[in-house]
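These are the residues of each chain, in order.
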Amino acid sequence: MSKNRTIIAPATVPGRGGVSIIRMSGKLSKSIAESMCGELADAWRFKRCSIKSRGGSKIDDGMVVFFKSPNSYTGDDVVEFHCHGNPTIVNLVIEEAVDLGAVVAEPGEFTKTAFLNEKIDLVQAESVADLINAQSKTAVVAANSSLSGEFSEQISFLLDGIVKARVVVEANIDFPEEEIDVSVLESVKEELQDFHAEINELLSRVKEGVKLRDGYSVAIVGPPNAGKSSLLNLLAKEELAITSKVPGTTRDLVKTSVNIGGVLIEFVDTAGVRHDPEGPIEEQGIQRSKEVIKKSNLCLLVQDATTVQGFDVGLGDFLTVLNKSDLLEGRFSNTDNTFYLSCSTGQGVEELLKALIARLGIDEGEETVFLSRQRHEISLRSGGLFLEEAIMSLSEGQVLELVAESLRSAHSALGDIIRPMSADDLLGEIFSEFCIGK
Amino acid sequence: MNKYDVIVIGGGHAGVEAADACSRFGVKTLLITHDKSKTGEMSCNPAIGGIGKSHLAKEVDALGGLMARAADKAGIHYRVLNSTKGQAVRATRVQTDRDLYKAAIQDFLSSSPNLTIKEGSVVDLDIKNSTIKSVITEKGEKIFSNSVILTTGTFLGGVMHTGLEQSSGGRIGDPSSDKLAQKLRGLSLKVGRLKTGTPPRLNKHSIDWSLLSPQPGDTPTPLLSYTSQASERPEQLNCYMTRTNQKTHQVILNHLDESPMYSGLIEGVGPRYCPSIEDKVMRFSERDSHQIFAEPEGLNSDLIYPNGISTSLPLKAQKELIKSIKGFENAKIVRPGYAIEYDFFDPTGLKHSLETKTISGLFFAGQINGTTGYEEAAAQGIVAGINASLRATNQEAFELQRDEAYIGVLIDDLVSLGTKEPYRMFTSRAEYRLILREDNADMRLTEKGRKLGIVSDLLWQKYQDKRDATNKEILRLKKDKLKPNTPEAKKIKKQTGEGISSNISLFEILKRPKVLHSHLPKGEITLAPNAVDEIEASIKYEGYIKRQKIDIERLQRNENTPIPKHINYEKVVGLSNEVKQKLSEARPESLARASRLPGVTPAAISLLMIYLKKERKAVG
Ligand SMILES: Cc1cc2nc3c(=O)[nH]c(=O)nc-3n(C[C@H](O)[C@H](O)[C@H](O)COP(=O)(O)OP(=O)(O)OC[C@H]3O[C@@H](n4cnc5c(N)ncnc54)[C@H](O)[C@@H]3O)c2cc1C
Ligand SMILES: Nc1nc2c(ncn2[C@@H]2O[C@H](COP(=O)(O)OP(=O)(O)OP(=O)(O)O)[C@@H](O)[C@H]2O)c(=O)[nH]1
Ligand SMILES: [Mg+2]
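Cut-offs used in this document
- Residues numbered from 1 in each chain as written.
- Chains lettered and ligands numbered in written order.
- Predicted model: local features only at pLDDT ≥ 70, side-chain atom pairs only at ≥ 80, totals over all residues.
- Heavy atoms only, no water.
- Helix = DSSP H or I, 4+ residues; strand = E, 2+ residues; numbered from the N terminus.
- Contact = heavy atoms within 4.5 Å.
- Areas by Shrake-Rupley, 256 points an atom, 1.4 Å probe, with all protein chains shown as cover.
- Pairing = 2+ DSSP bridges.
- Axes fitted to C-alpha atoms, helices over the stretch in contact; angles between N-to-C directions.
- Near = heavy atom within 4 Å.
- Polar contact = N/O pair within 3.5 Å; in protein donor to acceptor, adjacent residues only side chain to side chain.
- Nonpolar A, V, L, I, M, F, W, Y, C, P; charged D, E, K, R; others polar.
- Donors = N, O, S within 2.8 Å, 3.2 Å for Na, K, Ca; no water.
- Buried < 20%, exposed > 50% of the residue type's maximum accessible area, 1.4 Å probe, protein only.
- Phe/Tyr/Trp six-rings, centres within 6.5 Å; stacked < 30°, edge-to-face > 60°.
- Core = buried A, V, L, I, M, F, W, Y, C linked by side-chain atoms within 4.5 Å.
- Salt bridge = Lys/Arg side-chain N within 4 Å of Asp/Glu carboxyl O.
- Domains from an automatic or database assignment.
- pLDDT = per-residue confidence, 0-100.

Secondary structure summary: chain A contains 12 helices and 12 strands in total. Sequence separation of 24 or more characterises 61% of the internal contacts of chain A that already satisfy a separation of 6 or more. Total accessible area on chain A is roughly 20,000 Å²; 50% of this is exposed by carbon and sulfur atoms.

Okay, structure coming up:
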């Protein structure tokens, strides 16, 4: 069986809700799981446990099960953690395992391992290839989107800095006769310390970023009496919000989280918006609706299909819901952005939800967005550790070849995020910086 | 009949190693070269080693090669570069006596068991069905062999430039190989042009040495070869240093329009790292001075090699330039500097065995593959020699990996990536630099060489002695403990500042950065200096080496996955057209090699892996 890496990744689509399964495959799986959960039950048997970090603090209560090679999904030793469906917990479990020697899986790597271990039969081969191909495409898109703008600029800046440091260090090693000013090594150390601080700051921002993007929020908005609260109740399958014939019933925000196709989505019912609110309370309610609209990923603009009204609050991305379709006579049909619905009969809800999921971009690609973001975080972290190591060697009487080795590793860790560089490129930088040769 | 197992064409540094390796291997070998008396000639500066290069020379030595042994018989000035840094980047450089070096090489070859040397010029190759059959000399003689190694250096279509004058030649005083070049240009191989240059030579007696600062060699004087004795070394000389100045730079600027490089006469690409003094002055205009090493060409030679002022300006300008330099005011130019342009073959057309992909049995080694330097040539020569012998005896090719030797890095870089400039070795090209050291080339390679049958009994014995001694010593270091407050502990504290607070093994103490083997209590085993280096390096680098080993292991699996010769990349589902094209052109021999091609992504490798697996199953 494959003797190489031990890989880990969430096996369920991320989101807050229900149970999350994290799968780990490879030689180290069992020992990593045992350091996190204590001794495991016999193979193929669940064990209730506390998942702990090495510091001893509890990450979560959950279950763990060990699948012994070759009778497992991948054919290697596999461990599954079943924990609460909270992305932060999932992150912590993965981070802990990575600290213990696992690496975050590449897109499709579990399937690939399964294939290589001949757990998947040959007929499926082509489709596996297609899968990896498709996933690597979305991974590119995902990497770009999760990296847009500022973040990648900062990585770029860090990389430039590391390359400059490497140029000085490598030139000192490969060209000791070329009168390279040794005092530059001092400034290299200072710069590396700055970069290290920068990485730590980036890391904390990446972590926040992960949290911000892990849930979805959908605002239900529209004119009074259109049936917004009724829609919320329909989705929650529970009478959470008061509904009535009286326009302006809802004043406070009512929120509920609903698990739709494995993804947790928060719906927020808002006060109906009209031009002449009756009294300050309703006015305040409308104000809040506007704030919710701003924070949400998507709005559902609910209209009474029999009396569609103008609605002039700025919405970001939105779908129009034409409610009370049970009152309509004759034929009607949905378009890409408009959906007929009856909260009374429930007719049309399926189609609306399907469109909603698609519009939020929750599909297979989402897993790769999540994974690639996580991989970026890990690359950053190891980049930071290697820099720390380089700074230490520089302080300890300059063991230059070890400084160089740490910098090479830091470079390749960060380079993985945006742009790898070959040894020959690096030499090019050295030659353009220093006057070298005989 | 006129038939040999292997024919080597060219008696340069690649050629002599190739011929000798074949002969030691035990196949009937012929070396054909223009001029027997110039076998082993150094075209440029008579120095062997330097950073990255000494590593190559020692690896060739560890495989039983000639270069390091010859250098020790001719070495007149030794220095260890980077001696204040760690073992991995320390490098020995030897200034040799040009004539002694050549003599040593010729001496070794004359006693090489299965080797015939023939004077002549090869003008044609007989190739049938994409397979080499025989070589043809200028006299029309046809000599047969199924394995031919071409090591013709800078001689193919060689053109020399001094100022705006040009003449054809392989190096000063030697004719170029134009007929052979023409023949090769007609084959299915990609040809390119490169250039390199050399400074003027000065007369020793015309230099005012009192104005130069002496640079003595290192004491104790090191040796380059694992088997040389100190007694084989000739007398040691000093090198000297001087510098260019503002006036020198002005001379160059005044004559720039007469430089073949700057007037556009030379189309070949020169190396980025070995710029002519013209380049240096133009590109680094902020520097008002560059250093020059005045190096003797030999014990009895009147020639001085001014290292650092390679130029192709016209002779008149060269004279002015030399005059402007401190100590060279009255120096006489014996031979002007020149630049040379020559043909090379795109090395991506080669397999890792250095056999051409398109013509079976035809091997290329040395400068013909786009490299520069004696050591780079020798390294390829020995590998080509081994592989031509293996082919002649119907055995599988011999290859070295990137984590095994600089030779592996060199060949893999050339064959996978090709080169746009004359390729020279640097340690920064090696990702496993901490493992590939001067002190352990024998530990890495000698056993392999012995298995091939090309390692002498002397080297084999030395290797075994060193291996056993280091193993014993490491055991001792692990076993022997040091107690706090003993005289030994106090001595270490005094010498290194490292205190010992509890019982601790010598091995653990040696892990501390400031502690050297020499600080520890002595054992009974006598160790050679390079054995001590090896012990220290393997202990001090331990953590880093472990990390590199994990990397290597990961790569190994791909390294061991061969890609069939006739794979049709069109059939691999999911590959982009760009990747398909790259792979079809390069035709890498293993997955790992495919992964090192520029533009081939990890996803593409996964797809390829799956395809291969499927194919193999379908067949098996
Ligand atoms: C002007 C100049 C400057 C250089 N400067 C440097 C430098 O600064 N630093 C550095 O490291 N290296 C330098 N080199 C490069 C170094 O000399 C070469 O890299 C090295 O010698 C290459 O070895 P080789 O065995 O490939 O070829 P060579 O040493 O060139 O040997 C080729 C041999 O093949 C023979 N030959 C050629 N054609 C035929 C034929 N048709 N039939 C029979 N025999 C043939 C020739 O006679 C010669 O013996 C320089 C070379 C030159 C010419
Ligand atoms: N026939 C029919 N009546 C509906 C439907 N959906 C909601 N209603 C009725 O419409 C009225 C208003 O519904 P709500 O859900 O309170 O409307 P709202 O948009 O929340 O109103 P405000 O909170 O006042 O802004 C209630 O009497 C509901 O019973 C529907 O699909 N069909
Ligand atoms: Mg309401």
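With that settled, consider the sheet that holds strand S8 (residues 131-137) of chain B. Residue and element names in this part refer to chain B. Pairing is antiparallel in the open sheet, where three strands are placed in the order S7-S8-S9. In this open sheet, the two edge strands, each paired with only one partner strand, are strand S7 (122-128) and strand S9 (142-144). The sheet shows a mean angle of 30° between the axes of neighbouring strands, direction not considered. Pairing of S8 with S9 involves three bridges; the strand directions are antiparallel. Bridge pairing links Ile136 to Lys142 in S9.

Another aspect to go through is the site of ligand 1. All names here are of chain B. The local shell around ligand 1 holds 33 residues, among which Ala14, Cys44, Ser177, Gln367 and Gly373 are the closest. Contact between ligand 1 and His13: an oxygen atom at 2.9 Å from a main-chain N or O atom of the residue. In this structure, His34 approaches ligand 1 through a side-chain N or O atom, which is 3.0 Å from an oxygen atom. Of all elements in the fold, only helix H1 (13-25), strand S2 (29-33), strand S13 (191-198), strand S20 (338-345) and helix H9 (374-392) reach the threshold of two or more residues within the shell around ligand 1. At three residues, the largest contribution of residues to the shell around ligand 1 is made by S13. In terms of residue class, the shell around ligand 1 is built from 11 nonpolar, 21 polar and one charged.

So, about the coordination of the magnesium ion (ligand 3). Residue and element names in this part refer to chain A. Note on the magnesium ion (ligand 3): its protein donors are Ser229 (OG) and Thr250 (OG1). The metal-donor distances range over 1.9 to 2.1 Å. With Ser229 in helix H7 (residues 228-236) and Thr250 in the loop between H7 and strand S8 (254-260), the pair connects residues that are 21 residues apart, well separated along the chain. Classification of Ser229 as buried rests on a relative accessible area of 8%. The class of Thr250 is buried, set by a relative accessible area of 11%.

Moving on to the site of ligand 2. Residue and element names in this part refer to chain A. Close contacts around ligand 2 come from 23 residues, with Ser230, Gly248, Thr249, Thr250 and Ser344 the closest. At 2.6 Å from an oxygen atom of ligand 2 is found a side-chain nitrogen or oxygen belonging to Ser230. A distance of 2.8 Å separates an oxygen atom of ligand 2 from a polar side-chain atom of Thr250. When ligand 2 is considered free in solution it has 650 Å² of accessible area, and contact with the protein chains removes 87% of it.

Okay, the packing of aromatic side chains next. Between two aromatic rings, the relevant description is the distance of the centres plus the angle of the planes. Taken as a whole and judged by the stated rule, the model has five aromatic pairs over all chains. Relative to A:Tyr340, the ring of A:Phe332 lies with its centre 4.6 Å away and its plane at 35°, an arrangement referred to as tilted. Centre to centre, the rings of B:Trp209 and B:Tyr240 are 4.8 Å apart; their planes meet at 55°, and the pair counts as tilted. Residue B:Trp209 is found in the loop between strand S14 (201-203) and strand S15 (213-215), and its partner B:Tyr240 is found in strand S16 (residues 239-243); the two are separated by 31 residues along the sequence. Given the relative accessible area of 25%, B:Trp209 is considered partly exposed. Residue B:Tyr240 is classed as partly exposed on the basis of its relative accessible area of 22%.

Looking now at the nonpolar core. Judged by nonpolar contacts, the single largest core of 132 residues is most densely connected at A:Leu192, B:Ile149 and B:Ile407. Ranked by residues supplied to this core, first place goes to H9(B) with 10 residues. Counting 27 residues, the second-largest nonpolar core is a separate cluster that includes A:Tyr216, A:Leu298, A:Leu319 and A:Leu352.

All right, on to the pairing of strand S11 (residues 318-323) of chain A then. Where a strand is regular, its side chains alternate between the two sheet faces. All names here are of chain A. Counting buried residues in S11 gives five out of six residues, a clear majority hidden from the surface. As paired elements, strand S10 (residues 298-304) and S11 share six bridges and run parallel to each other. Directly across from Gln303, in S11, lies its bridge partner Leu322. Looking at chain direction, S11 and strand S12 (residues 338-340) are connected through three bridges and run parallel. Along S12, the bridge assignment pairs Leu322 with Tyr340.

This brings us to unusual backbone geometry. Residue A:Pro70 is bonded to the preceding A:Ser69 through a cis peptide linkage, with omega at 0°. For A:Pro70, the location among the structural elements is in the loop between strand S4 (58-67) and strand S5 (78-84). The peptide bond linking B:Thr219 to B:Pro220 adopts the cis configuration, its omega dihedral lying at -5°. Of note, B:Pro220 is situated in the loop between S15 and S16. Here A:Trp44, not a glycine, exhibits a phi torsion of approximately 65°, which is positive.

Okay, the pattern of salt bridges next. Residue and element names in this part refer to chain B. All told, the structure shown has 50 salt bridges over all chains when counted by the stated rule. In this structure, Glu404 and Lys448 form a salt bridge, with 3.0 Å as the shortest nitrogen-oxygen distance. Linking Glu404 in the loop between H9 and helix H10 (406-417) with Lys448 in helix H11 (residues 441-452), this pair joins segments that are 44 residues apart in sequence. Judged by its relative accessible area of 29%, Lys448 is partly exposed. In this structure, Glu542 and Lys511 form a salt bridge, with 3.4 Å as the shortest nitrogen-oxygen distance. With Glu542 in helix H16 (residues 542-559) and Lys511 in helix H14 (residues 506-511), this pair connects stretches of sequence that are 31 residues apart. Because the salt bridges share partners, they merge into one network encompassing Glu41, Arg98, Lys102, Arg201 and Glu297.

A word on the domain arrangement of chain B. For chain B, the assigned domains are domain 1 (201-340), domain 2 (466-546) and domain 3 (561-619). Once you take the C-alpha centre of each, domain 1 of chain B and domain 2 of chain B turn out to be 44 Å apart.

Further remarks concern the confidence of the model for chain A. Any residue range with low pLDDT should be treated as having predicted coordinates unsuitable for detailed reading. All names here are of chain A. Of the residues in chain A, 75% have a pLDDT of 70 or more, and the chain-wide mean is 78. For the stretch residues 130-149, pLDDT sits under 50, and the model shows 31 contacts to residues farther than four places along the chain or on other chains. Contacts from residues 210-214, a stretch scored under 50 in pLDDT, to residues over four places away or in other chains number 10 contacts.

Here the focus is the sheet that holds strand S1 (residues 6-9) of chain B. Residues and elements named next belong to chain B. Spatially, the five strands line up as an open sheet ordered S6-S2-S1-S10-S21, and their pairing is parallel. Each end of this open sheet is capped by a strand with a single partner; those strands are strand S6 (115-119) and strand S21 (362-364). In this sheet, neighbouring strand axes are inclined to one another by 20° on average, regardless of whether the strands run parallel or antiparallel. For S1 and S2, the ladder comprises four bridges, and the chain directions are parallel. Pairing of Val6 across the sheet is with Thr29, part of S2.

Turning our eyes to something else, we now look at the environment of B:Ile535. All names here are of chain B. Inspection of the secondary structure assignment puts Ile535 in helix H15 (residues 529-540). A relative accessible area of 1% means that Ile535 is categorised as buried. Ile535 sits 431 residues away from Ala104 along the chain, and the two C-alpha atoms are 32 Å apart. Discounting residues that sit within four places of it in the chain, Ile535 has contacts with Thr470, Glu473, Ile474, Leu477, Leu510 and Leu527.

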